[in-house]
Amino acid sequence: MTTHFFGDTTVLLARSLRHITRSLDTIITTTIMPVAFMLLFVYVFGGAIDSGSDSYVNYLLPGILLITIATGISYTAFRLFLDMKSGIFERFQSMPIARSSVLWAHVLTSLVANLISLVVVVAVALLMGFRSGTGVLAWLAIAGILILFTLALTWIAVIPGLSAKSADGASAFSYPLVFLPFISSAFVPTDTMPGPVRAFAEHQPVTSIIDAIRHLFAQQPVGTGIWVALAWCLGILTVAYVLAMATYRRRIS
Amino acid sequence: MTAQPTAGPAIRVRGLKKSYKELEVLRGVDFDVAPGSIFALLGPNGAGKTTVVNILSTLLKADAGTSSVNGFDVATQAADVRESFSLTGQFAAVDEILSGRENLVLIAKLRHLKDSGTIADDLLARFALTDAAARRVSTYSGGMRRRLDIAMSLIGNPPVIFLDEPTAGLDPQGRIEVWQAVEALAETGTTVLLTTQHLDEAEQLADRIAILHGGRIIVNGTLAELKQLLPPAKVEYVEKQPTLEDVFLSIVGEDAKDGDDSRPGTVGTDS
């Protein structure tokens, strides 16, 4: 059956991409919250925040990008939940196809949808004065980190997508992920935070990822920080994938 | 892609058992379905009809017992089994955001068939959906959705079709449309396993009827055989009043159709 894996995944990917092009509102709503945060922080709070950077929007963008991904993947869970509920998931599973292609199509769709949202958010940031003189390689590195982070969160999203009892339950899991950047270096430097909060902020995955992207944008040396960021992404990805596959096997047995 | 048909029953179920935690749903189910026949599994809600269908469809593992579809063992030859049947589940499992034609093309491609467009157009014509082909399925009526659902199951001409409560939630019009589709299926030699809780549906369609009750098949036979289980028929004279269904269908029947040749209201048992 593995001989059909790529063909079946392509067919199913085309199907869910068609869902996205027919409900572009999901991409727009995905970008509304991060863009609103960006406007709020740059034009309302930003003047009073000492980020140690000449341009607050430059400082802010990496965290906003992670929030964009966190809101985007709730739609991944939602789309998967709808397939489970409508019975079309079972129909696919009962057909002579590579069964895992059903999940992979959702994962790849999530990647495409999130990349579109990220491009929209970066475009808005450029309008707001975001500038980076960084080179192609650094942009590719940033894209790579964001793709890894999207994949990691997408596999987390697969778990509620497969197991939720209601549409709200399928997407509610993303709220903590959306707010994780608030207790990180996303909006303000961590050194003004009180002890325990600071300790959490500096050792949670989001901070290392944001710092790595920020250094890449600012053409500063990334040091060992980028390896910590990559390790977090790959670690979350692996654990989420294992748990998602276990959930999946429970659902199809 | 159709797997080779084999001699012997198209579906064979022996000693099938399945429990959900403490709840014993199936306590040893046995039945055979002859190739090319329509077999109705009759039982109330919660009797385990869907559980049987899901086990045969390789979606659920049995706790005990063996079953085969088209000669392939469900537990050990799942891939061959999946080549041999199509499932039309309890809820019309169609993609609402795609059009009717796109749904059919999707399934044809997943069955790795060439000419998916031609296959889709043929089925759209056969199920009187050509006019609605380009519309999103979310705009379809219940009957149209079910017809599309069944059309999707026919792609690749699988020798066996499972229809799990195919008329649940349909209006009388939609029900007749589905019955005609099922009868047409049997004429092409497809084996149909149908579950239903409607006695008249089993009576109308099935060559053999099995009643699933308390986790076991308690009766299995043709309609004539089942009728012999009861005392001989008495002759009574009853004035034949039109049923509400007769009235409803004769009023709305002719012009509510989508253009396919239906015979509203007539319930002819021709076998």
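For every chain, the first residue of its written sequence is number 1, and the numbers climb from 1 along that sequence. Just so you know, chain letters begin at A and ligand numbers begin at 1, following the order they were written in. Owing to the predicted nature of the model, reporting of local features is limited to residues with pLDDT of at least 70; listing and counting of side-chain atom pairs is limited to 80 or more, with chain, interface and lining totals taken over all residues.

1. Overview of the overall build of chain B
No. 1: We count a stretch as a helix when DSSP gives it H or I for four or more residues in a row; a strand needs E for two or more, and each element gets its number in order from the N terminus. Assigned secondary structure in chain B consists of nine helices and ten strands.
No. 2: To sort residues by exposure, count the other C-beta atoms lying within 10 Å of each residue's C-beta; 20 or more gives buried, 12 or fewer gives exposed, and values between give partly exposed, all with C-beta atoms placed from the backbone. When burial is assessed residue by residue, chain B has 45% of its 271 residues classed as buried.
No. 3: Here, residues touch in the contact sense if the C-beta positions derived from the backbone fall within 7 Å of one another. Pairs at least 24 apart in sequence give 68% of the contacts found in chain B among residues at least 6 apart.

2. Points about the overall build of chain A
No. 1: Across its full length, chain A carries eleven helices and zero strands.
No. 2: When the helices and strands of chain A are listed from N to C terminus, the series reads α-α-α-α-α-α-α-α-α-α-α.
No. 3: This radius of gyration counts C-alpha atoms alone. The globule rule is 2.2 Å times how many residues there are, raised to the power 0.38. By the compact-globule yardstick of 18 Å for 253 residues, chain A fits well, its C-alpha radius of gyration being 19 Å.
No. 4: Here chain A holds 253 residues, and the buried ones make up 43% of them.

3. Some details on the interface of chain A and chain B
No. 1: Taken together, the 20 residues of chain A in the interface contact 20 residues of chain B.
No. 2: Secondary structure elements with two or more residues in the side of chain A that touches chain B: helix 1 (5-22) and helix 4 (88-93) of chain A.
No. 3: The leading source of residues in the side of chain A that touches chain B is helix 1 of chain A, at six residues.
No. 4: Grouping the constituent residues of the side of chain A that touches chain B by class yields seven nonpolar, seven polar and six charged. Only Asp, Glu, Lys and Arg are considered charged, only Ala, Val, Leu, Ile, Met, Phe, Trp, Tyr, Cys and Pro nonpolar, and every remaining residue, Gly among them, polar.

4. With respect to the nonpolar core
No. 1: Throughout this description, the term nonpolar core refers to a group of buried Ala, Val, Leu, Ile, Met, Phe, Trp, Tyr and Cys residues whose C-beta atoms join them within 7 Å. Grouped together as the largest cluster of nonpolar side chains are 135 residues, with contacts concentrated most on L60 and I209 of chain A together with A40, L104 and L194 of chain B.
No. 2: Broken down by element, this core gets its largest block of residues, 17 residues, from helix 3 (residues 56-86) of chain A.
No. 3: Setting aside residues up to four positions removed in sequence, I209 of chain A forms contacts with L66, I145, F149, A229, W232 and C233 of chain A.

5. Digging into the sheet that holds strand 1 (residues 11-20) of chain B
Residues and elements named next belong to chain B.
No. 1: Strands sit in the order 2-1-4-5 across an open sheet of four strands; the sheet is antiparallel. In this open sheet, the two edge strands, each paired with only one partner strand, are strand 2 (23-33) and strand 5 (72-73).
No. 2: Here five bridges tie strand 1 to strand 4 (residues 64-69), and the two strands are oriented antiparallel to one another. Along strand 4, the bridge assignment pairs R12 with S68.
No. 3: Convention adopted: a line fitted to C-alpha atoms gives each axis, helices being fitted over their contacting stretch, and angles between N-to-C directions are expressed from 0 to 180 degrees. Running at roughly 115 degrees to strand 1, helix 1 (residues 49-56) makes contact with strand 1, strand 2 and strand 4 of the sheet. By this definition, two strands are paired if DSSP reports at least two bridges between them.

6. Concerning the environment of T10 of chain A
No. 1: Tracing the chain through its elements places T10 of chain A in helix 1.
No. 2: Sequence spacing of T10 of chain A and L108 of chain A is 98 residues, and the spatial spacing of their C-alpha atoms is 9.7 Å.

7. Comments concerning the pairing of strand 9 (residues 208-213) of chain B
All names here are of chain B.
No. 1: Sheet topology places strand 3 (residues 38-42) next to strand 9; four bridges connect them, and they run parallel. Bridge pairing in strand 9 places F39 opposite R208.
No. 2: Judged from the five bridges that link them, strand 9 and strand 10 (residues 216-221) form a sheet pairing that is antiparallel. For L212, the partnering residue across the bridge sits in strand 10 and is I217.
No. 3: Here strand 9 folds back onto strand 10 in antiparallel fashion, the turn holding two residues, of which G214 has a positive phi close to 60 degrees.

8. Examining the packing of helix 10 (residues 205-217) of chain A against helix 11 (residues 225-252) of chain A
Residues and elements named next belong to chain A.
No. 1: Across the interface, helix 10 lies against helix 11 with an axial gap of 8 Å and an inter-helix angle of 130 degrees. It follows from the interaxial angle that helix 10 and helix 11 lie oblique. Judged by the twist between their axes, the crossing of helix 10 over helix 11 is left-handed. Taking contact as the criterion, the partners of P205, S208, I209, D211, A212 and H215 in helix 10 are, on helix 11, G225, I226, V228, A229, W232, C233 and I236.
No. 2: Here the residues of the contact of helix 10 with helix 11 sort into nine nonpolar, three polar and one charged. Geometric relationships in this document are graded by angle, where less than 35 degrees denotes roughly parallel, more than 145 denotes roughly antiparallel, 65 to 115 denotes roughly perpendicular, and other angles denote oblique. Should the near helix be turned anticlockwise from the far one by less than a right angle, the crossing is left-handed, and should it be turned clockwise, the crossing is right-handed.

9. A short note on unusual backbone geometry
All names here are of chain B.
No. 1: One non-glycine residue with positive phi stands out, namely K21, at about 50 degrees.
No. 2: When you line up the elements, K21 lands in the loop between strand 1 and strand 2.
No. 3: We note that N157 has phi near 45 degrees; this positive angle belongs to a residue other than glycine.
No. 4: Here N157 is to be found in the loop between helix 5 (142-154) and strand 7 (160-164).

10. Details of the confidence of the model for chain B
All names here are of chain B.
No. 1: Confidence scores labelled pLDDT are given residue by residue by the predictor and lie between 0 and 100. Confidence along chain B averages 83 in pLDDT terms, with 90% of residues attaining 70 or more.
No. 2: Taken as a whole, residues 256-271 scores under 50 in pLDDT and shows 18 contacts with residues more than four places along the chain or in a different chain.
No. 3: For this predicted complex, the interface confidence reaches an ipTM of 0.83, while the overall pTM sits at 0.82.

11. A look at the packing of helix 3 of chain A against helix 6 (residues 136-163) of chain A
Residues and elements named next belong to chain A.
No. 1: One can describe the packing of helix 3 onto helix 6 by two numbers: an axis separation of 8 Å at closest approach and a directional angle of 35 degrees. Read as a crossing pair, helix 3 and helix 6 show a hand that is right-handed. Contacts between helix 3 and helix 6 involve L65, L66, I69, A70, I73, S74, T76, A77, L80, F81 and M84 from the former and L146, F149, T150, L153, T154, A157, V158, P160, G161 and L162 from the latter.

12. Thoughts on helix 2 (residues 25-45) of chain A
Residues and elements named next belong to chain A.
No. 1: Over its 21 residues, helix 2 runs 29 Å from end to end, which matches the ideal 30 Å to within 8%, given 1.5 Å per residue.
No. 2: Two axes are fitted around each residue, one to the seven residues ending there and one to the seven starting there, and the angle between them is reported as the bend at that residue. Along helix 2, the largest kink reaches about 25 degrees and is centred on I32; proline P34 follows within four residues of it.
No. 3: By the burial criterion, the buried members of helix 2 are T30, T31, P34, V35, F37, M38, F41 and V42.
No. 4: Structurally, helix 2 contributes buried residues whose contacts are with helix 3 and helix 5 (101-127). Under the convention used throughout, the expected extent of a helix is 1.5 Å for every residue step, that is, one less than its residue count.

13. Thoughts on the pairing of strand 1 of chain B
Residues and elements named next belong to chain B.
No. 1: Bridge analysis of strand 1 against strand 2 gives eight bridges, and the strand direction is antiparallel. Along strand 2, the bridge assignment pairs K17 with R27.
No. 2: Turn length for the strand 1-strand 2 hairpin, with the two strands adjacent in sequence and antiparallel, is two residues, and the turn residue K21 shows positive phi of about 50 degrees.

14. What to know about the sheet that holds strand 7 of chain B
All names here are of chain B.
No. 1: Here six strands make up an open sheet; going across it, the order is 6-7-8-3-9-10 and the pairing mixed. Both edges of this open sheet fall to strand 6 (85-88) and strand 10, since each of them pairs with a single strand only. For this sheet, the mean angle separating the axes of adjacent strands, direction not counted, is 15 degrees.
No. 2: Where strand 7 meets strand 8 (residues 191-196), five bridges bridge the pair, whose relative direction is parallel.

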